[in-house]
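Now for the letters of each chain:
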Amino acid sequence: MYTQAKFGVFRRVGSRCHDGEGLIKVAAPLKGGAVDLPMGMAMALSNEKEAGATVPTAETGGPQGFTSRSGLKGPTADRPAWRRPAKTASLPEVHSTIHVPHPASFARTLLAFAGPGLMVAVGYMDPGNWATDLAAGAQFGYTLLCVVLISNLMAILLQHLSLKLGIVTGHDLAQACRAHFSTPVSMALWVLCEIAIAACDLAEVVGSAIALNLLFGIPLIVGVGLTALDVMVVLLLQHKGFRILECIVASLIVTIGGCFAYELIYSHPSVSSALSGLIPRTEIITNPGMLYIAIGILGATVMPHNLYLHSSIVQTRNFRRDPEGKALAVRFATIDSTLALFFAFFINAAILILSAAAFHGTEHANVADINDAYKLLTPVLGIPLASTFFAVALLASGQNSTLTGTLAGQIVMEGFLEIRLRPWLRRLLTRLVAIVPAAIVAALAGEHGVGKLLILSQVILSLQLSFAVIPLVWFTSDRRKMGVFTNPVWLSAGAWLVTLAIVALNGYLLVQTVQNWIAE
């Protein structure tokens, strides 16, 4: 399908209307002939105008002329903001389905935008984070709490960029990568992202299987198989509406928080030591063992699939797609995201504090395994249900990650490939990639092998993270794509510093992990 557009002096883009042939005509002051543009490009130019970006003028060269007469830069026809804009909205079945009242009070507007932040926060408290937090608390007490805080602040920054990309451009991160890069590059990014999502699924499978084993004594290999049943649960929830899905996620997060609140109250941690642990110390860098776990915390915290997820689900809100409406959406979505990620910080900090209070300075200081922590919590703390609540929180964490992982997988496949599989088929394929290795390892190596598999999944996620963060920072710093919403210089500088730190730290973590495996 093509769009007939008249390009001249694009000082104000006129209204769109459908003609009898189903084409979209873009009315504009005429100063030149008619041209044919792909619909995606015409729509993208209109979106860029709304975002405040430069649009083609007679002086900058029309779409038929591939030269710029004045040398001005902007998303001109010879320099479009996107190589091939997306043809459909992200998650079209729920796109703009949640009403945003306007005008409305601060509280009502915030309530309308609340939800996506909690769904993203799930990725920051998934089972993959538990092992590093347990090891940090058991071995080094409260010292590495500052690392948990720093990694959370990094996550807040990256998620802000992600939601801004989605709100301003109308592209999720997967669509943006496909629209910007050449086909070979976007295909390579898609493969890497699918591997990362499979690794994330692996962590969810392993975490849920361990929790079922701890709570009900279900063999690990059977628990791994049972996790495939969540396909039907996710499909049912999706058909009930996006708000229902957000409410289920929120209730599971509250369950996790309640479990750890109970654990913390009865573990009697040292409040002064915990507060001092929020202050960074040079010891973290000079102590090799501490540095390794600190990097593990940083590497396991920021999840690449969350960046794709957030840029899409913020578009479920039906906000006005003009500069004022987008600015309001960015503001309230950022508040929602920041509050939710601070709750995720509480969960990760609670795991570390609980481990420090229960195991640090005892003969159990080497505890780094979820199974060992479960078995020791009740006898060490001397309180009933401590181990049970720990396992319930683990199960809720695994199931929560399943819900958001499903959406992330759909967003990535549709965004990179522009194809739509049946949801149950898409989910089943991804689940099988995770279930098969988990089932094999559970059958051959038991609990110890499954624990190692959980660590492997985090290494894979760390490897892929750079390939999600770099395009995100790149796109949001590009004025042709973001217009007046382009990252200011200070934000771009901070984002690139965070990106370099993530790349370097994850590279170091990978090398150290491989060396440890070889040494074993």
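Keep in mind that this is a model prediction, so the values were computed, not measured.

Attention now goes to the overall build of the protein chain. Scanning the protein chain for helices and strands turns up 20 helices and six strands. Taking the intrachain contacts of the protein chain between residues at least 6 apart in sequence as the baseline, contacts between residues at least 24 apart amount to 80%. For the protein chain, the accessible area works out to roughly 21000 Å², and carbon and sulfur atoms hold 68% of it.

Within the largest apolar cluster, 129 residues are counted, with the highest numbers of intra-cluster contacts made by Leu144, Leu173, Phe260 and Phe390. Membership of the second largest hydrophobic core comes to five residues, among which are Ala199, Cys200, Met303 and Leu461.

A few words on the packing of aromatic side chains. A full pass over the atoms with the stated rule returns 13 aromatic pairs. Look at Trp130 and Phe390: their rings are 5.2 Å apart centre to centre, the planes differ by 65 degrees, and that puts the pair in the edge-to-face class. Taken together, the residues Trp130 in helix H4 (residues 127–140) and Phe390 in helix H17 (residues 386–417) connect sequence positions 260 residues apart. Just as Trp130 is buried, Phe390 falls in that class too. Seen in terms of ring centroids, Tyr308 and Phe416 are 6.1 Å apart; in terms of plane orientation they differ by 55 degrees. Their pairing is tilted. One end of the pair, Tyr308, is in helix H14 (residues 304–313); the other, Phe416, is in helix H17, and 108 residues separate them in sequence. Of the two residues, Tyr308 and Phe416, both sit in the buried class. Three or more aromatic residues joined by ring pairs make a cluster, and in this case those are Trp82, Phe181, Trp474 and Phe475. Lying across the ring of Phe319, Arg321 places its NZ or CZ 3.8 Å from the centre. Across from the ring centre of Trp82, 4.9 Å away, lies the NZ or CZ of Lys481, which sits over that ring.

Moving on, we come to the side chain of Glu246. Note that Glu246 resides in helix H10 (residues 242–267). Relative accessible area serves as the criterion here: at 4%, Glu246 is assigned to the buried category.

Here the focus is the pattern of salt bridges. Inspection of every chain in the model, using the stated rule, returns seven salt bridges. Among the ionic pairs, Glu324 bridges to Arg320, the shortest N-O distance being 3.4 Å. Overall, the relative accessible area of 33% leaves Arg320 in the partly exposed class. Two residues, Arg480 and Asp478, come together in a salt bridge whose shortest N-O distance is 3.5 Å. This pair shows no difference in class: Arg480 is buried, exactly as Asp478 is. Connected via shared salt-bridge partners are Arg243, Glu246 and Arg317.

Moving on, we come to the confidence of the model for the protein chain. When the pLDDT values of the protein chain are averaged, the result is 78; 78% of them are 70 or greater. Contacts of residues 1–46 to residues separated by more than four positions or lying in other chains number 86 contacts, the stretch itself having pLDDT below 50.

Looking now at the packing of helix H5 (residues 145–169) against helix H20 (residues 489–519). Any two packed helices are characterised by how steeply their axes cross, that is the angle between the axes, and by the distance between the axes. Their axes nearest at 11 Å, the elements H5 and H20 cross at an angle of 120 degrees. Taken together, H5 and H20 sit at an angle that is classed as oblique. Here H5 and H20 pass one another in a crossing that is left-handed. On H20, the residues touching Met154, Leu157, Leu158, His160, Leu161 and Lys164 of H5 are Leu491, Gly494, Ala495, Val498 and Ile502.

It is worth spelling out unusual backbone geometry at this point. Cis geometry is adopted by the peptide bond preceding Pro103, which originates at His102 and carries an omega value of -5 degrees. With a phi angle near 45 degrees, Leu91 is a residue other than glycine that sits in the positive phi range. Tracing the chain through its elements places Leu91 in the loop between helix H1 (39–51) and strand E5 (98–99). A relative accessible area of 2% places Leu91 in the buried class. Not every positive phi belongs to a glycine, and Ser96 is a case in point at roughly 55 degrees.

Thresholds applied
Counting restarts for each chain, with residues numbered from 1 along the sequence as it is written. Per-residue local features of the predicted model are confined to residues with pLDDT of at least 70, and side-chain atom pairs are confined, for both listing and counting, to 80 or more; whole-chain, interface and lining totals are unaffected and use all residues. Only hydrogens and water are removed before side-chain values are computed, so all heavy atoms of the structure are retained for them. Counting from the N terminus, the helices are DSSP H or I runs at least four residues long and the strands are E runs at least two residues long. Note on contacts: a residue pair is in contact if any heavy atoms of the two residues lie within 4.5 Å. Only the protein chains shown count as cover for residues, and the accessible areas themselves come from Shrake-Rupley with a 1.4 Å probe. In plain words, nonpolar cores are sets of buried Ala, Val, Leu, Ile, Met, Phe, Trp, Tyr and Cys residues tied together by side-chain atoms within 4.5 Å. Burial classes: relative accessible area under 20% of the type maximum marks a residue as buried, over 50% as exposed, and values in between as partly exposed (1.4 Å probe, protein chains only). Two aromatic rings from Phe, Tyr or Trp, using only the six-membered ring of Trp, form a pair when their centres are within 6.5 Å; if the ring planes differ by under 30 degrees the pair is stacked, by over 60 it is edge-to-face, and anything between is tilted. Working rule: Lys NZ or Arg CZ, within 6 Å of ring centre, within 35 degrees of ring normal, means a charge sits over the ring. Salt bridge, as used here: a side-chain nitrogen of Lys or Arg that lies within 4 Å of a carboxyl oxygen of Asp or Glu. How sure the predictor is of each residue is captured by pLDDT, a score from 0 to 100. To obtain each axis, a line is fitted to C-alpha atoms, and for helices this fit is confined to the stretch in contact; angles are then taken between N-to-C directions over 0 to 180 degrees. Orientation categories follow fixed angle ranges, with anything under 35 degrees roughly parallel, anything over 145 roughly antiparallel, 65 to 115 roughly perpendicular, and all other angles oblique. Handedness of each helix crossing follows the sense of rotation of the near helix against the far helix: counterclockwise by less than a right angle gives left-handed, clockwise gives right-handed.

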